[in-house]
There are 4 protein chains.
Amino acid sequence: MALRDQEDVIREGSFVLLYLDGRRKYLTRAEKGRALHTHKGFLSLDSMIGLKYGSKVKSNIGAEFVALQPTPWDFVLKIARKTQVIYPKDMALMIFKLGLRPGMRVVEAGTGSGALTCALAFFVRPGVVYSYDVNPSFQEVARKNLERAGLLDYVVLKVKDVTQGIDEEDVDAVVLDMATPWLVVPHAWRALKGGGHFASFSPTINQVEKTAVELRKQGFVDIKVYELFLREIKVEEGAVRPETLMIGHTGYMTFARKAL
Amino acid sequence: MALRDQEDVIREGSFVLLYLDGRRKYLTRAEKGRALHTHKGFLSLDSMIGLKYGSKVKSNIGAEFVALQPTPWDFVLKIARKTQVIYPKDMALMIFKLGLRPGMRVVEAGTGSGALTCALAFFVRPGVVYSYDVNPSFQEVARKNLERAGLLDYVVLKVKDVTQGIDEEDVDAVVLDMATPWLVVPHAWRALKGGGHFASFSPTINQVEKTAVELRKQGFVDIKVYELFLREIKVEEGAVRPETLMIGHTGYMTFARKAL
Amino acid sequence: MALRDQEDVIREGSFVLLYLDGRRKYLTRAEKGRALHTHKGFLSLDSMIGLKYGSKVKSNIGAEFVALQPTPWDFVLKIARKTQVIYPKDMALMIFKLGLRPGMRVVEAGTGSGALTCALAFFVRPGVVYSYDVNPSFQEVARKNLERAGLLDYVVLKVKDVTQGIDEEDVDAVVLDMATPWLVVPHAWRALKGGGHFASFSPTINQVEKTAVELRKQGFVDIKVYELFLREIKVEEGAVRPETLMIGHTGYMTFARKAL
Amino acid sequence: MALRDQEDVIREGSFVLLYLDGRRKYLTRAEKGRALHTHKGFLSLDSMIGLKYGSKVKSNIGAEFVALQPTPWDFVLKIARKTQVIYPKDMALMIFKLGLRPGMRVVEAGTGSGALTCALAFFVRPGVVYSYDVNPSFQEVARKNLERAGLLDYVVLKVKDVTQGIDEEDVDAVVLDMATPWLVVPHAWRALKGGGHFASFSPTINQVEKTAVELRKQGFVDIKVYELFLREIKVEEGAVRPETLMIGHTGYMTFARKAL
């Protein structure tokens, strides 16, 4: 349950982020009788049990790895890479902009692979995330990811079309990462408490335009649209320079608040 | 105590973010017998007590404001504007990258006006932030800001030069926003637990270079340097475009983790 | 005629860019009996005649200026600041992307204050720029700017609505900086020679979308849309950092070529 | 000679840019008896002779290409891709910032593969570019590229170490794309005429810092350092969004002018 809880020692079943170098990290779990195969040899996932996080471990060919406790950032990055465009940088902005805190109740759609769901649950627990998705197979993937992260207790997975309505009331925030967020605006309005937060992530500017227009029509205030660029800097002594390649676009984030 | 706690109703002493339009928001508190003077007339801060957050209130000349509960984002933006260059977008990235969570123990330097201290305390409470600053007058400002935010219980303010050493041990993270972060690297190493996080915010690339070199020398791993651009998009129906002016630079963020 | 021609010596009527420091430059002309008033005293514009470009001149209170020959960059920046959003960085990209060269014939609309017209004429002379604008008063401003720049001989100013048609044929490029570029696409097609270049500058993404759709419908190929960020770096020894404020958006550039 | 001259008809030896779609373009030449092999079949390079630029040509399997005249942008992009980091966007800014015009005399170092040399020669011809490089084999590559572009007549290739001195005097500009530009600053000073332009392209911020410090020491004025981001926008009707991947860094450009 290494994602949910801060731990000092690697236990059986704990997540471990095996750091080799700036480009190669492996997210795995300490498990009896298992090994991880890498380009630099294989590592016993068994022998890590009982070590302190931060310890160095060696592969059978002598390559040195550091066994770190993964953060939600590391975790969602691994999940997100497979299926989504929302990146940790975007989640970070959302979490802080919405002021997520323990005890909040948040509606999310779509669930997708559960990367954003994990991030939301991590910050609102012991609150709850109601996560909608029409696709039951996506929700199965998400369930597994949430279970592994030790966060399933704080999530209600709902196989439902959120454009048809939201069941919950007086929620603190509605967070959308779906193709047609503008169709959810009236439902979000009804579900939110006074001053509650609306947030939507969209790759295209057309989605943003439709959503912002709908938000204004509905009476939302403080409508803000942002995009975020994350640029990595390569630091060699005497030769500092930004990385040549960067992610130039993930998506736009639209924020608004409900006025009574 | 409106920053710390999620509330539905405005009480005496609660923070209120009075939203007029996209460019004008006023951060104030509901207080008996007081009023807020704006370009659009004055508002009774008394009469808000008892209203639900999200309610509309009118100035004496009929201008309509929405009374929102401020988030940490709103709060630090107000504080940070006066004295610092670290922006909410940067704090958001740090919080998520470090995986801050309830119960963590974090060392911070320098305290400055307490904007970053507030953000850290918000996410680690009931954990604790040990905040170092050599300047006692800064710490007085920070104390007031933390008290207002209801977060002072989770912060230990220390009038001390962090380049001379860190008193704490086995902390989860060391977070620096100061002129000479590289001088703190060896102290951070001793203070951190295995796998613990180092984070530093610096406006110049020279500070980043010295710090990264020192981190490598000390044996830190997973050293990453980022900069973040936040761009606001103006959405009028049929006329969507990014804002003309943007903040082109706040600072670089350097992250690293302690390998045992 | 200092903009058009490369000169070594300041003559009567020559443009002079008086450089004081990184933030203060004055674009003026060497003229008998005139003076320039600045925050740092006044300078005789008369006494500069006969000096070499690059010479230092002093104001009556001893402030030192350098008398430089302005480039088209300096010139259009001064003009553009008053009325337009297209910046030198964007013009530069257009000029190189279109492969502008001496002898080309280019259609431009709208003329505006003539900033872009100057840049185009500078690179195609002894070719010609046909510049359309419905507003005769704009064209008067542009005429003066072109005359001052010594470039009026290479421009045909036309008080005409380019959305109604283009008179010229077999032109090398059509360059638009106007509100409704998509309405000009069919006319551009007829006016261009085989392989000829279409370029359009627009502040909103909606203009870009309409224009790109129209370009495809018309049979243009190699349609590319770009935006360009120019970031200034402040270099003090030991303290290098990007400028805090930057222009976050000027406009999008749409390029295409005519296939026969 | 299709790069140097604007032409309407493809002649033997002319450059042709064969456009297939937004991602696939082939830079080749019309030549008797030769063919181009692509993923979409092969095209006779012979049969293009005599066609108008802009014409459509078909491969043996029926794929349709448009035969465009390449611009310097297209040409340097092909050369630059193999060996350098300076991109057309950067060259464009340099050309316009320096106010390059027919007749200018420019010193350049290092020659490299001649991509920047081509761009400079294109804009100063019938002026001249003096291009220094210590490496004779680079200059051979450059010679071929310049010859193909029809620009060799305007370039003097010099196998010489520019850090040891510049032979020319009273030049309009010195343009550097080399590892140690700061070592050339004193030589550039001597070579430049009053008000003449210094420009340097460097991937690392350390090179920029050293160069700017040296420029100030030497008495250059109007020192400006820029970086440029080019972002491509993908326009599908109803789905407009920036490209996911972008080049996040090519290099910094340092500009300055000589004060007498």
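Residues numbered from 1 in each chain as written. Chains lettered and ligands numbered in written order. Predicted model: local features only at pLDDT ≥ 70, side-chain atom pairs only at ≥ 80, totals over all residues.

1. Overview of the relation of the copies chain A and chain B
Turning chain A through 180° and shifting it by 0.0 Å along the axis lays it on chain B, with an RMSD of 0.0 Å. Both copies are brought into coincidence by an operation consistent with a two-fold rotation axis. With an isologous cut-off of 70% or more, the 100% of interface residues of chain A that recur at the interface of chain B puts this contact in the isologous class. (Least-squares fit on C-alpha atoms with pLDDT ≥ 70 in both. Contact = placed C-beta atoms within 7 Å.)

2. Concerning the confidence of the model for chain A
Of the residues in chain A, 97% reach a pLDDT of 70 or more, and the chain-wide mean stands at 93. Taken together, the chains of this predicted complex give a pTM of 0.94 and an interface ipTM of 0.94. (pLDDT = per-residue confidence, 0-100.)

3. Examining the relation of the copies chain A and chain D
With an RMSD of 0.0 Å, the fit of chain A onto chain D corresponds to turning through 180° and sliding 0.0 Å along the axis. Most of the interface of chain A is mirrored in chain D: 100% of its interface residues are interface residues there too.

4. So, helix H2 (residues 88-97) of chain C
With 10 of 10 residues buried, H2(C) is to be regarded as a mostly interior element. Listed in full, the buried residues belonging to H2(C) are Pro88(C), Lys89(C), Asp90(C), Met91(C), Ala92(C), Leu93(C), Met94(C), Ile95(C), Phe96(C) and Lys97(C). (Buried ≥ 20, exposed ≤ 12 C-beta atoms within 10 Å, placed from the backbone. Helix = DSSP H or I, 4+ residues; strand = E, 2+ residues; numbered from the N terminus.)

5. Things to note about the domain arrangement of chain A
Under the domain assignment used here, chain A contains domain 1 (15-68) and domain 2 (72-258). Of note, the centres of domain 1 of chain A and domain 2 of chain A, computed from C-alpha atoms alone, are 31 Å apart. (Domains from an automatic or database assignment.)

6. So, the interface of chain A and chain B
If you look at the interface, chain A gives 57 residues, while chain B gives 57 residues. Listing elements by their share of the side of chain A that touches chain B, those giving two or more residues are strand S6 (64-68), helix H1 (72-83), helix H2 (88-97), strand S11 (192-202), helix H6 (205-218), strand S12 (220-236) and strand S15 (252-258) of chain A. For the side of chain A that touches chain B, the leading source of residues is S12(A), giving 13 residues. Grouping the constituent residues of the side of chain A that touches chain B by class yields 31 nonpolar, nine polar and 17 charged. (Nonpolar A, V, L, I, M, F, W, Y, C, P; charged D, E, K, R; others polar.)

7. Here we look at the pairing of strand S10 (residues 171-176) of chain B
All names here are of chain B. Judged by how many residues are buried, S10 sits mostly within the fold: six of six residues are covered. In terms of strand pairing, strand S7 (residues 105-109) meets S10 through four bridges, oriented parallel. Counted as the bridge partner of Val 107 is Val 174 from S10. (Pairing = 2+ DSSP bridges.)

8. Things to note about the interface of chain A and chain D
Residue-level contacts link 17 residues of chain A with 17 residues of chain D. Taken together, the elements giving at least two residues each to the side of chain A that touches chain D come down to H6, strand S13 (239-242) and strand S14 (245-247) of chain A. A per-class count over the side of chain A that touches chain D returns eight nonpolar, six polar and three charged. Sheet topology places S14(A) next to strand S14 (residues 245-247) of chain D; three bridges connect them, and they run antiparallel. Directly across from Ile247(A), in S14(D), lies its bridge partner Leu245(D).

9. Let's talk about the sheet that holds strand S2 (residues 24-29) of chain D
All names here are of chain D. Sheet architecture is open: four strands sit in the order S2-S1-S6-S5, paired in antiparallel fashion. Looking at the sheet topology across the chains shown, the edges are occupied by S2 and strand S5 (56-58). On average, adjacent strands in this sheet sit at an angle of 35° to one another, irrespective of strand direction. Two strands pair when backbone bridges link them, and strand S1 (residues 15-21) and strand S6 (residues 64-68) are joined in this way by three bridges, in the antiparallel orientation. Each bridged residue has a counterpart across the sheet, and for Tyr 19 the counterpart in S6 is Val 66. (Axes fitted to C-alpha atoms, helices over the stretch in contact; angles between N-to-C directions.)

10. A closer look at the sheet that holds strand S2 (residues 24-29) of chain C
All names here are of chain C. Reading across the sheet, the four strands line up as S2-S1-S6-S5 and stay open at both edges, with antiparallel pairing between neighbours. The sheet is open, and its two edges are formed by S2 and strand S5 (56-58), each paired on a single side. With direction set aside, neighbouring strand axes in the sheet form an average angle of 35°. Pairing geometry for strand S1 (residues 15-21) and S2, over six bridges, is antiparallel. Bridge pairing in S2 places Phe 15 opposite Arg 29.

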